[in-house]
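Structural overview for review
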Amino acid sequence: MAKENQADKILVVSSTPDLLEMVKAAVGSSMQVSYAANQQEGLDKARKELPLMIVLGYLEPQGSAFKLHRKLREGWITRNIPLLVVDVDHARRVLSMEEGLQIEAEGYISLAGKDGIASVSRLAEPIVRLREKLQSRLRERANPFKDAVLDPDVFCITWEQVPGRGAFEMQQEKLVEDARRAARDGKVHAVSVTDNPGGNPAISTEILCTELKKLGIEPLVHLAFRDKNRNQCESLLYGLAALDVRNLLLLTGDYPAGGGFKGKARPVFDLDSVQGLQLVQQMNSGVELEVMGKKSTLAPTDFFAGASVSPFKQTEAELMGQYYKLKKKIEAGANFIITQLGYDARKFHELITWLKVNGYNAPVLANIYVLPYGAAKTMNGNQIPGAVVTDKLLTTIDEERKAEDKGREARLLRAAKMYAIAKGMGYSGAHIGGHGLTYEMLEYILGKGKELASNWQEFVSEFDFPQEKGFYCFARDPKTGLNLTEEAPKVEKPVAPPIFWFSALAHRLLFNPNSILFKMLMPLSHRIDKTHKLKRMFGWSEHQAKVAMFNCLNCGDCGLFDVAYLCPTSQCPKGQRNGPCGGSHDGWCEVYPGEKKCIWVKAYRRLLATKATDEIGARIVPPIDWELWETSSWLNFYNGRDHVAKRLGIKPPESKKPVEGKKPPEQVVNKKAGTPEKQVAKKA
């Protein structure tokens, strides 16, 4: 069982119960108040309960409060918890003058009256002062980015910074200085730092974000799964939690570029963004462990995690794949969404419409990139995966750069109008970036955007940049130029080769728990699985057949069920099992443009033939269990080891041994729900 959430608890540590009563009166019913009467009890409760704040009063014997203060501030677990020192009696001060000079700067308040003692019977003035001081200290644990994203009356602003390669370079110096400016002025709610941008090595985002936190501004850590396996991701997240860095943007990541040490780095992609969100959600609930037969639960983290989506895809198959995967991201725990890069107002509105039509209230930030001609030309040539700049927009920017200022004013005004449109459409904020974007430029965009927001509909026509034969989910609204809630007609044609139909038939016959062949093969597979020689021969034969049909890599945790009988391990360079990444272009794979179609585009077209495209978003697929690598996926399925068997409720044979004196329940499958159920055997 996960630990109780302590996000709304205050711990009072004092030998005088009067302080406890005062704190209770100050916070009312809005928060829980826990109490410890001595130094050791206070330290134990602080470590176990992880309160939002600690209120430290006088402790017996004299000097105990000072010792506890030092242990709290030096402790790995407790060092980031705000601490308020409260005197209630001039005669018994919490800290002596000498001790007070030795501690770090802390919140302090004296509630003692004229006679030197604060009495519970004279609460009015002390309680008001205590309440104000408590609120001041609690603000130190607040998450301004989270509060801004979730507040419907606030338009949240994040400023994207791109780190460079090297430890002591001017790019890093500028990034830190930009963050310092943003922290001072308070117009930006978080500074976002990209993770190895473009698939090239750079100074680590988690290190930079930890430094930004010290400047007094919330960092937004980009965590790309391109370079890290699941263990490293979990380790990194624990480190961030310990340093009180809480905001995350989880991304699949661009494919590695060729700028690594002695060539291109090996891609990892052990998790995708959906599975990463599940990991974060589990950590926020408290990870349950079992070591040496003993169960324990780790202290919960407090991450606020988001994901990205691209509504700017050109083809129906690509676009619907993005939305199916977005559904999974929200269900996996995404707290907010940031769009990919594009400049089509109707596409921006399409995302908001899709969320509304499907009953999701996830807050969304619009990606606003200040676009000079050089970057526009690169994006137009599909050299930055996922970024969409049409020929029409490129021509417009080319004309603008003929001005005396090389188009600077025009591109800043375009960004301000995008801000106004996003705010008018109902976006929760803007994610603003751009190469060489100074703080003065950012201020102009924010100021001008607010000024134009009331007339945002006037600018929609200026962002009419559809892609050639581009698909939209919803019918066009002729009045606004945006979208109706009525779905647009589908245009893709089914493309289902014979191997698809053969695979579908084979899977129905062999892997459907209700089929006769399944019931015959299950006991046979149990016998094969127990004999090493038979198991090797069976696995080799299976692998040879699947290599010929599916280019199988023998992962042992087969994903054919999940991608319309296409292998995501061998046929997708990023191994995506929950839907497409954001890098495809015109249906082509990001890594092999013009050579290989994205497997999720192919899967969508195959499923059109059976009117089952919703299967793409039907369930979250777990990552590969690498313990099964180079073993028979058939045997793993029939013996309850792979992810599909677990989903269908197929148990390992040893778990079906009858309890002595009882007849085991028969396992059947609910035909309507497609899930296993228990049917108790009737007595004779």
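Residues numbered from 1 in each chain as written. Predicted model: local features only at pLDDT ≥ 70, side-chain atom pairs only at ≥ 80, totals over all residues. Heavy atoms only, no water.

**Things to note about the sheet that holds strand β14 (residues 364-369)**
The parallel closed barrel is built from eight strands, whose spatial order is β6-β7-β8-β9-β12-β13-β14-β15. Direction aside, neighbouring strands of the sheet carry axes that sit 25° apart on average. As judged from the four bridges shared by strand β6 (residues 156-161) and strand β15 (residues 429-433), these two strands associate in the parallel manner. Along β15, the bridge assignment pairs Ile157 with Ala430. Sheet strands in contact with helix α7 (residues 170-185) are β6 and β7 (190-193), and its direction is about 165° off that of β6. (Pairing = 2+ DSSP bridges. Helix = DSSP H or I, 4+ residues; strand = E, 2+ residues; numbered from the N terminus. Axes fitted to C-alpha atoms, helices over the stretch in contact; angles between N-to-C directions. Contact = heavy atoms within 4.5 Å.)

**Observations regarding the nonpolar core**
Among soluble globular proteins, nonpolar side chains are generally buried collectively. By size, the foremost hydrophobic cluster in this structure holds 118 residues, and its most contacted members are Leu237, Leu248, Leu326, Tyr343, Leu371, Tyr427 and Ile432. Broken down by element, the residue count for this core peaks at eight residues, all from helix α15 (residues 408-425). Each residue touching Tyr343, except ones within four places of it in the same chain, is listed here: Phe312, Phe348, Tyr369, Leu371, Val388, Val389, Leu393, Arg414, Met418, Phe463 and Phe465. Core analysis: the second largest hydrophobic core is formed by 20 residues, Val23, Leu84, Val88 and Leu138 among them. (Core = buried A, V, L, I, M, F, W, Y, C linked by side-chain atoms within 4.5 Å. Buried < 20%, exposed > 50% of the residue type's maximum accessible area, 1.4 Å probe, protein only.)

**Things to note about the packing of aromatic side chains**
Counting across every chain of the model gives 22 aromatic pairs. Considering the side-chain rings of Phe312 and Phe348, the 5.1 Å spacing of their centres and the 80° angle between planes classify their relative orientation as edge-to-face. Here Phe348 lies in helix α12 (residues 345-357) and Phe312 lies in the loop between β12 (304-309) and α11 (316-331), a separation of 36 residues in the sequence. For the residue pair Phe312 and Phe348, the accessibility class agrees, reading buried in each case. On the basis of an interplanar angle of 85° and a centroid distance of 5.3 Å, the ring pair of Phe511 and Trp634 is categorised as edge-to-face. Here Trp634 lies in helix α22 (residues 633-638) and Phe511 lies in the loop between α17 (498-510) and α18 (516-529), a separation of 123 residues in the sequence. For Trp634, a relative accessible area of 27% translates into the label partly exposed. (Phe/Tyr/Trp six-rings, centres within 6.5 Å; stacked < 30°, edge-to-face > 60°.)

**Remarks on the pairing of strand β13 (residues 336-339)**
Both faces of β13 are covered, namely the face carrying Phe336 and Ile338 and the face carrying Ile337 and Thr339. Where β12 lies against β13, four bridges are found, and the strand directions are parallel. When the bridges of β13 are listed, Val309 appears paired with Thr339. Handedness of the β12-α11-β13 crossover: right-handed. (Right-handed = clockwise from strand over helix to strand, strands pointing away.)

**Examining the environment of Gly253**
Counting through the fold element by element, Gly253 comes out in the loop between β9 (247-251) and α10 (273-285). Judged by its relative accessible area of 17%, Gly253 is buried. Note: C-alpha distance between Gly253 and Glu409 (156 residues apart in sequence) is 32 Å. Apart from residues lying up to four places away in sequence, Gly253 is in contact with Ala224, Arg226, Phe269 and Lys574.

**A short note on the sheet that holds strand β3 (residues 53-56)**
In space, the five strands of this open sheet follow the order β2-β1-β3-β4-β5, with parallel pairing throughout. Taken across any chain shown, the strands that pair with only one partner, and hence form the sheet edges, are β2 (32-36) and β5 (107-110). Sheet twist, expressed as the average angle between the axes of neighbouring strands with direction ignored, equals 20°. Sheet strands in contact with helix α1 (residues 17-27) are β1 (9-13), β2, β3 and β4 (83-87), and its direction is about 170° off that of β2.

**Digging into the confidence of the model for the protein**
Looking at the protein as a whole, its pLDDT mean stands at 90, while 92% of the residues score no less than 70. In this model, residues 1-5 is a region of pLDDT below 50 whose contacts with residues beyond four sequence positions or in other chains number 14 contacts. With pLDDT under 50 throughout, residues 656-684 is counted as low confidence; its partners more than four residues away or in other chains account for 32 contacts. (pLDDT = per-residue confidence, 0-100.)

**Describing the pattern of salt bridges**
One pass over the full model with this rule turns up 30 salt bridges. For Arg92, the salt bridge is made with Asp89, and the minimal N-O distance between the two is 3.9 Å. The residue Glu492 makes a salt bridge to Arg605 at a minimum N-O spacing of 3.0 Å. With Glu492 in the loop between β17 (483-487) and α17 and Arg605 in helix α21 (residues 599-608), the pair connects residues that are 113 residues apart, well separated along the chain. The exposure class assigned to Glu492 is buried, which follows from its relative accessible area of 16%. What makes Arg605 buried here is its relative accessible area of 19%. (Salt bridge = Lys/Arg side-chain N within 4 Å of Asp/Glu carboxyl O.)

**Observations concerning a nonpolar patch on the surface**
Where nonpolar side chains cluster on the molecular surface, the patch consists of Leu505, Leu509, Ile516, Leu517 and Met520 and spans about 480 Å² of accessible area. Looking at the nonpolar patch, the elements that each hand over two or more residues are α17 and α18. At three residues, the largest contribution of residues to the nonpolar patch is made by α18. The residue Leu517 is located in helix α18 in this model. (Patch = residues over 30% accessible without salt bridge, like charges linked within 9 Å, V, L, I, M, F, W, Y side chains within 5 Å. Areas by Shrake-Rupley, 256 points an atom, 1.4 Å probe, with all protein chains shown as cover.)

**Notes on the side chain of Lys213**
Along the chain, Lys213 falls in helix α8 (residues 205-214). In terms of polar contacts, Lys213 uses its side chain to reach the side chain of Glu218, at 2.8 Å. Within the structure, the side chain of Lys213 is placed 3.2 Å from the backbone oxygen of Asp244, a separation counted as a polar contact. Discounting residues that sit within four places of it in the chain, Lys213 has contacts with Glu218, Pro219, Asp244, Val245 and Arg246. (Polar contact = N/O pair within 3.5 Å; in protein donor to acceptor, adjacent residues only side chain to side chain.)

**Brief notes about the side chain of Lys329**
Positionally, Lys329 belongs in helix α11. Separated by 2.6 Å, the side chain of Lys329 and the backbone oxygen of Ser308 make a polar contact. If we skip the residues at most four places from it in the chain, Lys329 touches Ser273, Val274, Leu277, Ala307, Ser308 and Ala334.

**Points about the pairing of β6**
Across the six residues of β6, five count as buried, placing the element largely inside the fold. Pairing of β6 with β7 involves four bridges; the strand directions are parallel. By the bridge assignment for β7, Glu160 is matched with Ser192. Remark: the β6/α7/β7 crossover connection has right-handed handedness.

**So, helix α9 (residues 230-242)**
For α9, spanning 13 residues, the distance from its first C-alpha to its last is 19 Å, which sits close to the expected 18 Å at 1.5 Å a residue. Considered for burial, the residues of α9 that qualify are Cys233, Leu236, Leu237, Leu240 and Ala242. Where α9 starts, the residue carrying a side-chain oxygen 3.2 Å from the main-chain nitrogen of Asn231 turns out to be Asn229. Just downstream of α9, Asp244 is the residue with a positive phi angle, here 65°. (Expected span 1.5 Å × (residues − 1).)

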